[in-house]
Amino acid sequence: MSAGQLLEVLDDCAILVVMMSAGDPTSLELVADNLTELRKQDAWSDYPNMATSLSQVLEINRSAEPAVFIQAVADFISHAQSALSGKGDIAVKSDSPSNWAGDLAATADAELIVEFIEKHTSLLDDFEARILQEVDASEEGSEDELQGFLKSYLHNVKGDAGSVGLLGVEKVTHWCEDQLLDHGPKALTELLLAYKEWVLSLCKAYSEGSAPSEFALDFIECWKGVVGNEKERPTDTEHERGETHPKEGQPVEVPKPFQSEEYSISGDTDILSEFLIEAEDHLSQVESMLLDAGRAYSLEDLDAIFRAVHSIKGGSAYFSLREITETSHITESFMDKARDGKIIFNTVLQEIVLEYVGLQRELLQNAREAMTNGTALRTCEQVFRYKQRIEDYLLSVALVSEFESGAEVKDVPEMPQTTDAAEAIEIKEARRVPELDPIAVREEKHVQPVTKQSETEAVHQAEREQDKKVPEKVKVKNYVKIETERLDHLIEYIGEMVISSSMLIRNCRDLLGENEAVLSNSNQLERISREIQDLGMSMRLIPIKGLFQKMSRVVWDTAKKLKKDVRFEMEGEDTELDRSVIDKLADPLMHMVRNAVDHGVESIQERQAAGKPKQGVVKLSAYHSGGSIYIEITDDGKGLNREKLLAKAIEKGLVSSGDKLSDEEVYMLIFAAGFSTAEKVTDVSGRGVGMDVVRRNIESMRGRVSIASTLGGGSIFTIELPLTLAIVEGIETRIGSQSFIIPSLSVVEFLRPTPDMLMHALDKAETLKFRGQFLPLYRVAETYGLHPRATDPCDRIVMIVEVAGRLAALLVDDVLGKISAVIKGLGDLYKEVEGVSGCAILPDGAIGLILDVGTFVSLAKRYETQAIPDSRLLGPTLGEC
Amino acid sequence: MANSGEKTGLYSTGGKFLSFLLSQEQYGLEILKVVEIFGMMKITAVPRAPKYLKGVINLRGKIIPVMDLRLRFSLEERPYDNKTCIIVVTGERAEQELTVGLIVDTVLEVKDFPAEMISPSPDYGAGLDTDFIIGMGRDGDEQVTILLDLEKILPAEHIDIPVTSESSAAQ
């Protein structure tokens, strides 16, 4: 039987499913027989996942749970149809959508899934960070908090995944949730991390339109054993079944009387205020749509409302804004029904949604206040009433449809033709069936005065409050979302504007320097343009937190691999860096953190032998100082061993045994290419490639690394970086007729040499005696074939620069002053000019080349030893223009 | 030298060309690729680059590399004067748009060369690479304009490949 034939049989079954009803066992048997026949077909071999889910459906006890069975069958058929026909509205362009099989609902909405992916990729990072952070913190009691967080987050993912149609994710998330309840978060760190990776891989697979590498069931299967002593709980299958139809499975919770409870907001306040603003937007959008009265609601309108509610729900769950989540969830679920045409979106629903909007506004306001004052939130009765109202309404719709069972599903929505909610509830009451009695109980209970309860609650609260730290007050900020590309353009233009305005100012002063108005106005312009520049730069800044959080994962992974016990700490994670710097920093930082865990922190035995605590510490800190940003990687490990490093360096021929090196110089040896003191190469580090790359990466950002270390006490690696990559702070120097900018970070000092400072080794290698040290002297003009102003170094200026922990002297013609300018590339024609990292437009409109001290020195070294280089490379001579 | 016969595009359709003088010879560049023309301005030299790459200029805040076409074609270098011009052109290289300034002796005029007025460049054999020539544009008068293929003039990926070798220096 081919897939096409299977499809035909499925179509037949689909018709039967419409006909069958819970109360009619014969129709059930008929469908079951058909499916059993179907299961025997060998065409399923191409769709193993579909086959498994079909088997699962058939295992359901039809006579005991007819309703569950019907839904499972309906669900299966819709999956199978979309899988076999290869169409459906799934956005996976994959040639074989069956690859996703049961992991993706047939009704999946691509746009929603993309939204899901966008949202959860960043949230999952946070999720991971939380897990790792708690793993490190050993205090008791924090576990409960973590459990709460994980639970609410997983729940959030589950809900989201279910509603967008990522059934596989939903399934696994649910399973993880169960595990979490049974085992607690500590035992599950690995599972949860693997879970994160799995979800991400799935998201990636979806966005690439390929099949997931691991299916939901495989994932569960794979981890079942690991989680251990997992009994085959009889409820398991029930859960499975429950989830396969998230849309219909409206969770009707056991009704509870209203109780005002206190709950607090979790999560980052910055993101929260962002969320509040976003939610506000969504609400206004929904509201304006609803108030645009007198028109029929199209499917798109309903979709838009659904999506808005959905985003609010997702965001709120993340911050544990329970009430918002609950109300949104329930609103979402009936909007979903309306969208599917199961109920008609009439004035009653419109009213409900408007009520929802009003309620949300209030709740958001509460959340905002709670955040600003740092207080906890209280649940309010309105929410409770709202939820009840919808539940009642949905119930009435469900009841009506039950009465009409046997009729076509489409007829159902015509029933609640009521114009107000009260009437709808009346219908429900009139048609109430005995098993729904709990509602009566609930209604009685909730008449009970609330005050008494809250009184006793208050006492408890006061007690609890004392343990809890009062969250700090935060100011709610307002945001506008801007595309990064536009921002980059803006900043580029700001840079150009600053240059042209300073050019203009210079011209004005030269020509009209006497004029007071010109002077004061140009001062004003100068000030304003500087401020605009600062502002522009600050717009690109983002906190380094995200990067640090990624590193916590690196520490955890590496430590685990090496069987070490390492705690990760961070400090100053709110320090803001240019986006481009953060992007480029990720790699080197990862290498250094790995190294700290691998080479820095000792094994548990070694630590105990040395009388240190069993747990090592790797700490990342970031801070601003004097126009630079410092990032420190500190470990409390064994420190760098000077003797060992020296011996290794001599063995490798990097230094000669006679060289006298300072500690810092010796430490810097670890950054040399191919240098590794690790006794054995592990899969973590030891090949000596990493640190070389680290240094080069950091130098390419015009930054530098320094090391401080005490043997046995640990090491501190400090990365110093300029505030932004877009602007160079440097010393403008004149060489020949041209300007060169030497970045301030490299410059130690500059001086005019006296004859007694200069020496010649072997008549060639020029040397400068500087504070008792002998530094190699490189002539920039001569190396580049430019015409220097004078030949005698004593008529010129020497810049003392630092390269990889060593000093060197560069001879330039003149020093013109300090400058900060926007960095520009030399254009595509010039790729990697040795010693020049780019250029900048100077205030007079001329172009200054930015000297990259590191590569220049290595070029100059070769130049000295090579005699005269190829004349072609000497470059053009100047002055002919 | 597999070049003739493969030339399509302009060779077959013709079009408007900006003509300029380079060591007494007339050359032409497709007008659509020309951005603007101006007199000589201060060039900032970039070290360690082939001689024909003169450096960079600041064109209203944009950094543009300039190339001396005389040196690019291994013609004799000559001091710049008030007739010397920089033609800023935009070409494509390795699927990337590239804006370059070309230094020429002087700019002449815009000329129209329909397809029938363009004849293929003579094959000089291995001694002279004519790959960068679209064809020879014939005018009403006897003057012949050498129509250049901008993309071929731009240096290839790596700037440090040797410039047209000494042996093929023209005239």
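Residues numbered from 1 in each chain as written. Chains lettered and ligands numbered in written order. Predicted model: local features only at pLDDT ≥ 70, side-chain atom pairs only at ≥ 80, totals over all residues.

Turning our eyes to something else, we now look at the overall build of chain B. On a plain count of helices and strands, chain B comes out with three helices and 11 strands. Moving toward the C terminus, one meets the helices and strands of chain B in the order α-β-β-β-β-β-α-β-β-β-β-β-β-α. Expressed as a percentage of the 171 residues in chain B, the buried residues total 33%. Contacts spanning at least 24 positions in sequence make up 57% of the contacts within chain B whose residues lie at least 6 apart. (Helix = DSSP H or I, 4+ residues; strand = E, 2+ residues; numbered from the N terminus. Buried ≥ 20, exposed ≤ 12 C-beta atoms within 10 Å, placed from the backbone. Contact = placed C-beta atoms within 7 Å.)

Assigned secondary structure in chain A consists of 28 helices and 20 strands. Counting all 881 residues of chain A, 38% fall into the buried class.

This part is about the sheet that holds strand S19 (residues 836–841) of chain A. Residues and elements named next belong to chain A. Spatially, S10-S11-S20-S19-S18 is the arrangement adopted by the five strands of the closed barrel, whose pairing is mixed. Neighbour to neighbour, the strand axes of the sheet diverge by 50° on average, direction disregarded. Relative to strand S11 (residues 738–743), strand S10 (residues 727–735) runs antiparallel, the two being bridged by six bridges. The residue bridging Arg-734 from the neighbouring strand is Ser-739, located in S11. (Pairing = 2+ DSSP bridges. Axes fitted to C-alpha atoms, helices over the stretch in contact; angles between N-to-C directions.)

Residues and elements named next belong to chain A. Two elements in contact, helix H13 (residues 322–339) and helix H14 (residues 347–373), have axes whose closest approach is 11 Å; the angle formed by their N-to-C orientations is 160°. The angle between H13 and H14 falls in the class roughly antiparallel. The handedness of the crossing between H13 and H14 comes out as left-handed. Contacts from Glu-323, Ile-324, Thr-327, Thr-331 and Ala-338 of H13 reach H14 at Leu-349, Val-353, Tyr-356, Leu-359, Gln-360 and Leu-363. Classifying every residue of the contact of H13 with H14 by side-chain character gives seven nonpolar, three polar and one charged. (Parallel < 35°, antiparallel > 145°, perpendicular 65-115°, else oblique. Left-handed = near helix turned anticlockwise from the far one by under 90°. Nonpolar A, V, L, I, M, F, W, Y, C, P; charged D, E, K, R; others polar.)

Before going further, it helps to spend a moment on helix H20 (residues 516–539) of chain A. Residues and elements named next belong to chain A. Between its first and last C-alpha, H20 extends 35 Å over 24 residues, near the 34 Å set by a 1.5 Å rise per residue. Within the span of H20, buried status applies to Ser-522, Gln-533 and Gly-536. Turning to H20, the residues buried within the fold contact helix H19 (484–512). (Expected span 1.5 Å × (residues − 1).)

The next thing to look at is the environment of A:Leu842. Residues and elements named next belong to chain A. Along the chain, Leu-842 falls in the loop between S19 and strand S20 (847–851). Using a count of 20 C-beta atoms within 10 Å as the deciding quantity, one classes Leu-842 as buried. Considered as a pair, Leu-842 and Ser-739 are 103 residues apart in the sequence and their alpha carbons are 8.7 Å apart. Residue contacts for Leu-842: discarding those within four places in its chain leaves Ser-739, Ala-821, Ile-847 and Gly-848.

On to the pairing of strand S9 (residues 714–722) of chain A. All names here are of chain A. Bridging between strand S7 (residues 628–635) and S9 involves eight bridges; their strand directions are antiparallel. By the bridge assignment for S9, Asp-635 is matched with Ser-715. In the sheet, strand S8 (residues 704–710) pairs with S9 via seven bridges, with the strands oriented antiparallel. Within S9, the position partnered with Ser-706 by the bridge is Thr-718. Joining the antiparallel neighbours S8 and S9 is a turn of three residues, in which Gly-712 adopts a positive phi near 85°.

What follows is about the interface of chain B and chain A. The interface is formed by 27 residues belonging to chain B together with 29 residues belonging to chain A. At the level of secondary structure, the elements contributing two or more residues to the side of chain B that touches chain A comprise strand S4 (53–59), strand S5 (62–68) and strand S7 (96–104) of chain B. The biggest single contributor to the side of chain B that touches chain A is S4(B), with five residues. Each residue belonging to the side of chain B that touches chain A can be placed in one class, and the counts come to 18 nonpolar, five polar and four charged.

Let us now look at the packing of helix H12 (residues 299–318) of chain A against H13(A). Residue and element names in this part refer to chain A. Between H12 and H13, the shortest axis-to-axis distance is 8 Å and the interhelical angle comes to 155°. In terms of their interaxial angle, H12 and H13 are classed as roughly antiparallel. The way H12 lies across H13 gives a crossing that is left-handed. Here Leu-299, Leu-302, Asp-303, Ile-305, Phe-306, Val-309, His-310, Ile-312, Lys-313, Ser-316 and Ala-317 of H12 lie close against H13, whose contacting residues are Ile-324, Thr-325, Ser-328, His-329, Thr-331, Glu-332, Met-335, Asp-336, Ala-338 and Arg-339. Looking at the contact of H12 with H13, its residues break down into 10 nonpolar, six polar and five charged.

Before going further, it helps to examine H14(A). Residues and elements named next belong to chain A. Taking 1.5 Å per residue as the helical rise, H14 with its 27 residues ought to reach 39 Å, and the 39 Å between its terminal C-alpha atoms agrees with that figure. Among all positions of H14, only Val-348, Leu-349, Ile-352, Val-353, Tyr-356, Val-357, Leu-359, Gln-360, Leu-363, Leu-364, Ala-367 and Met-371 are buried. Residue Gly-374 follows H14 closely and has a positive phi angle near 70°.

Right, let's talk about the environment of A:Leu58 for a bit. All names here are of chain A. Looking at the element boundaries, Leu-58 is found in helix H3 (residues 48–59). Taking the C-alpha atoms as reference, Leu-58 lies 8.5 Å from Val-73; in sequence the two are 15 residues apart. Leu-58 has contacts with Ala-32, Leu-35, Thr-36 and Arg-39, leaving out every residue within four places of it along the chain.

A separate point is the sheet that holds S5(B). Residues and elements named next belong to chain B. Read from one edge of the open sheet, five strands run S3-S6-S7-S5-S4, paired in mixed fashion. Each of the sheet's edge strands pairs with one partner strand only, and the pair in question is strand S3 (34–39) and S4. On average, each strand axis in the sheet is inclined to that of its neighbour by 35°, with strand direction left out of account.

The subject of this paragraph is the nonpolar core. Counting residues in hydrophobic clusters, the biggest one holds 118 residues, and the most contacted among them are A:Val172, A:Ile305, A:Met551, A:Val555, A:Val593, A:Val597 and A:Val618. Excluding residues that lie within four positions of it along the chain, A:Val555 makes contacts with A:Val566, A:Phe568, A:Val593, A:Val597 and A:Val618. Within the second largest apolar cluster, 83 residues are counted, among which are A:Val801, B:Ile43, B:Ile134 and B:Leu154. (Core = buried A, V, L, I, M, F, W, Y, C linked by C-beta atoms within 7 Å.)

Another aspect to go through is the pairing of strand S6 (residues 85–93) of chain B. For S3(B) and S6(B), the ladder comprises five bridges, and the chain directions are antiparallel. By the bridge assignment, B:Glu36 is partnered in S6(B) with B:Val88.

Positive phi, close to 55°, is recorded for A:Lys563, a residue that is not glycine. Along the chain, A:Lys563 turns up in the loop between helix H21 (545–561) and strand S4 (566–571).

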